[in-house]
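# Working through the structure, step by step
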Amino acid sequence: MEPNASASVGLEAELDSEAPQRGKLSGHTRRNFIAGIAAAGVSTAATAVANRGNSLFGENALAAGGGRNGFASFEAIAPSPDDRFNVPKGYRADILISWNDTFRDGNGQALRYGFNNDFLAYFPIDGSKEGLIFVNHEYPDPFFLHGYKGSGAKTEAQVQEEKDSVGNAILHVKRRPNGVYRIVQGSDYNRRVYGDRPGLTFTGPLAGTTGVGDSARGSLGNCSGGITPWGTALSCEENYEGYGQDTSAGGYGWDQYGGQPGDEEYDPVTHAKYGWVCEHDPFDPDSTGRKHTALGRFRHENTAFRHEPGKKFVLYMGDDKTNEGVYKFVSSRRFKRGDRANNRRILTEGQLYIARWEPEGRRRFATKGDVEPITDTEGTGTWVEVTDEQLRDTAALIRAAVGTEEYNTHFATNRPEDVEVGPDGSVYIALTNNSTVNDSHGSVRRLREAGNDPEATSFRWSDFAAGGPQDQGGAGFSSPDNLVFDSENNVWVVTDISSSALNSDNEYGYHANNAIFMVPTRGENRGVAFRFANGPVEAECTGPYFSPDERSLFVNIQHPGELTAGEEDSVFGIERTYTSWWPEGNRTAEENPSLPHPSTVVITKDPRGEGERSIPPARRRA
């Protein structure tokens, strides 16, 4: 979302006045939760509290605002461990497309939708009626693709199947009269980018240098991303290290075909072909994607831009790894609407910075599972320049330059995943968790540039919402991942609790499956998380994105049944042995054993109640 430079000064004052104090959580989370429970009564919210460690089940999630967004008021749902995706009353959920589904390009060629869809962005052609969906396919699952369970070398065909399952998809979609979107088959816009094709070119200071070269085959590790105001998509290569590693070392083994030495292009030691921010033009099927070396090489989660009239273009990024940093790129150029030649150069030249936090960057806790940290929850910071020499392996080279102690104290954070710019220009950072400092639940941090100037070299920060159970002072979610804002200034949060930790007798037991939450950023319920949707078993909800009219919310469901390959009794092709059967079946209810499929879901307002509130639909009882 492009920030609104004329955002209310009153909002800034409200946020600043309510910033948490040293070593304490903001009081209104607990206060409003208690008030909400009293209003809901024993039969709704109180029951959920007793069972789930304080869920706002049954509470009306009404945020401040004028009501343009059709999702800003709903009846919060209870946590669920079920192998089902479900949404509140008054909404419907529909599958747009799933892994392995085919869609056709303008030449009639059948293309397969990739695996583990993550980032999603909607590019309008005719407002919300018709547009293009840009999707990342983050990583393959060798078991579900071809039955591999981690022993021995892969065949060339198996490796090729994995390369075909990752990269990106561009889909042409139209909304039907009932509000449900469908793929436009045979569209010239429909296409795929894979792990080995087509080639992408390099730009910036390292283009043409040793190990980088001029181009790379395809794109991989595409986690989250972002958009630009000139109409392109930015896809972020995150976990790129394992593709060139041998399978005996836990890698994907793309450096070998049938056990033979092979492709060094995927070796992150000898080459630096992957780990970049990639720019694609979804409207031009003949365009060549570009990898921008000026933005650094690290485990990119996403990008979020800020453009203010008269100011240089700014891009924020997080390094999605425990004890790593938050970055800002200030272009040498300004965005000029309609000036394609200028805008295409914006991400090729400029200055990259890393955030230095005072008094320190990490939230540290005395004990695993705690909600109240032993470190400050607000402070100040500066932006430190990254040299061109540090762009090739950015985090490691900065750590080596400043020293481990200095880096861990002032640059490291608790795994920064998504970074988004709010309507008032504030930067919100999803700090997912960090076991090395006993942070189980993570937080959402708010960064405010000095003078609200995107080019500033200093900032203030405060922890806006803390993860953890509401009866312990947390917001209600745990391990925040992707964020998205609506027009009512609510931030929507999806969670990323590890599949191995879900639905266990541990600090995450209250949460059940990963979920989608709405968190108001102002008003009486500021910082309180209202649960809007539940994901299926061993899955994440990723890439949330509103249609322009905010009547639809797109979301990706990634890696259902993720732990299947690690189960001793799982057998490829025998679906009953899989840990999830979503979206065609429900493993927890023993309904319809099926192969799990990562899928893109569209949620729409459904005042008539004609659509299904869950996927798969709940079985009707006699």
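This structure is a prediction, so every number in the text was calculated from the model and none was measured.

## Comments concerning the pattern of salt bridges
Applying the stated criterion across every chain yields a total of 32 salt bridges. Here R84 ties to D82 by a salt bridge, and the two come within 3.2 Å at their closest N and O atoms. Put simply, R363 and D463 hold a salt bridge, and the shortest N to O gap is 2.8 Å. In this pair, R363 sits in the loop between strand 22 (350–358) and strand 23 (378–385) while D463 sits in strand 28 (residues 458–466), placing the two residues 100 residues apart along the sequence. D463 sits in the buried class, given a relative accessible area of 4%. Overlapping salt bridges bring together D320, R415, E417 and D496 as one network.

## Brief notes about the side chain of S570
Counting through the fold element by element, S570 comes out in the loop between strand 34 (552–558) and strand 35 (599–605). Taking the relative accessible area as the measure of exposure, S570 reaches 4% and is therefore buried. At 2.9 Å, the side chain of S570 and the side chain of K149 are in polar contact. For S570, the residues in contact, after removing those within four places along its chain, are F143, K149, T564, A565 and T577.

## Quick look at the nonpolar core
L315, M317 and Y327 are the most contacted members of the largest nonpolar core, which has 41 residues in total. Non-local contacts of L315, meaning those with residues more than four positions away in its chain, are made with L234, L295, T303, A304, F305, Y327, K328, F329 and L347. Counting residues in hydrophobic clusters, the runner-up holds 27 residues, among them V87, L553, V555 and I615.

## Re the sheet that holds strand 34
Strand order across the open sheet formed by 4 strands is 2-35-34-33, with antiparallel pairing between neighbours. The sheet is open, and its two borders are formed by strand 2 (91–98) and strand 33 (540–546), each paired with just one other strand. Strand after strand, the sheet turns through a mean of 25° between neighbouring axes, direction not considered. In terms of strand pairing, strand 2 meets strand 35 through 7 bridges, oriented antiparallel. Note on strand 35: the bridge partner recorded for S98 is S599.

## Some details on the packing of aromatic side chains
By the definition in use, this model includes 37 aromatic pairs. Arranged with centres 5.6 Å apart and planes meeting at 20°, the rings of F305 and F313 form a pair that is stacked. F305 gets classed as buried once you look at its relative accessible area, which sits at 6%. The buried category is assigned to F313, whose relative accessible area is 0%. Among the aromatic residues, those joined into a cluster by ring pairs are F71, F74, Y91, W492, F532 and F546. Directly above the aromatic system of Y148 lies the positively charged group of K154, at a separation of 5.1 Å from the ring centroid. The positively charged end of R445 is found above the aromatic ring belonging to W357, 4.9 Å away from the centroid.

## Considering the sheet that holds strand 18 (residues 300–306)
Strands sit in the order 18-19-21-22-23-28-27-26-25 across an open sheet of 9 strands; the sheet is antiparallel. Lying at the two open borders of the sheet, with one neighbouring strand each, are strand 18 and strand 25 (416–421). Averaged over all adjacent pairs, the angle separating strand axes in this sheet is 30°, with direction ignored. Relative to strand 21 (residues 326–331), strand 19 (residues 314–319) runs antiparallel, the two sharing 5 bridges. The partner of Y316 across the bridge, within strand 21, is K328. Set on the sheet, helix 7 (residues 394–402) makes contact with strand 19, strand 21 and strand 22; between it and strand 21 the angle comes to about 105°.

## Focus on helix 5 (residues 156–165)
For helix 5, the full list of buried residues reads Q158, V159, E162, K163, D164 and S165. Where helix 5 ends, the next residue or the one after it, G167, has phi of about 105°, a positive value.

Cut-offs used in this document
- Residues numbered from 1 in each chain as written.
- Predicted model: local features only at pLDDT ≥ 70, side-chain atom pairs only at ≥ 80, totals over all residues.
- Heavy atoms only, no water.
- Salt bridge = Lys/Arg side-chain N within 4 Å of Asp/Glu carboxyl O.
- Helix = DSSP H or I, 4+ residues; strand = E, 2+ residues; numbered from the N terminus.
- Buried < 20%, exposed > 50% of the residue type's maximum accessible area, 1.4 Å probe, protein only.
- Polar contact = N/O pair within 3.5 Å; in protein donor to acceptor, adjacent residues only side chain to side chain.
- Contact = heavy atoms within 4.5 Å.
- Core = buried A, V, L, I, M, F, W, Y, C linked by side-chain atoms within 4.5 Å.
- Pairing = 2+ DSSP bridges.
- Axes fitted to C-alpha atoms, helices over the stretch in contact; angles between N-to-C directions.
- Phe/Tyr/Trp six-rings, centres within 6.5 Å; stacked < 30°, edge-to-face > 60°.
- Lys NZ or Arg CZ within 6 Å of the ring centre and 35° of its normal.

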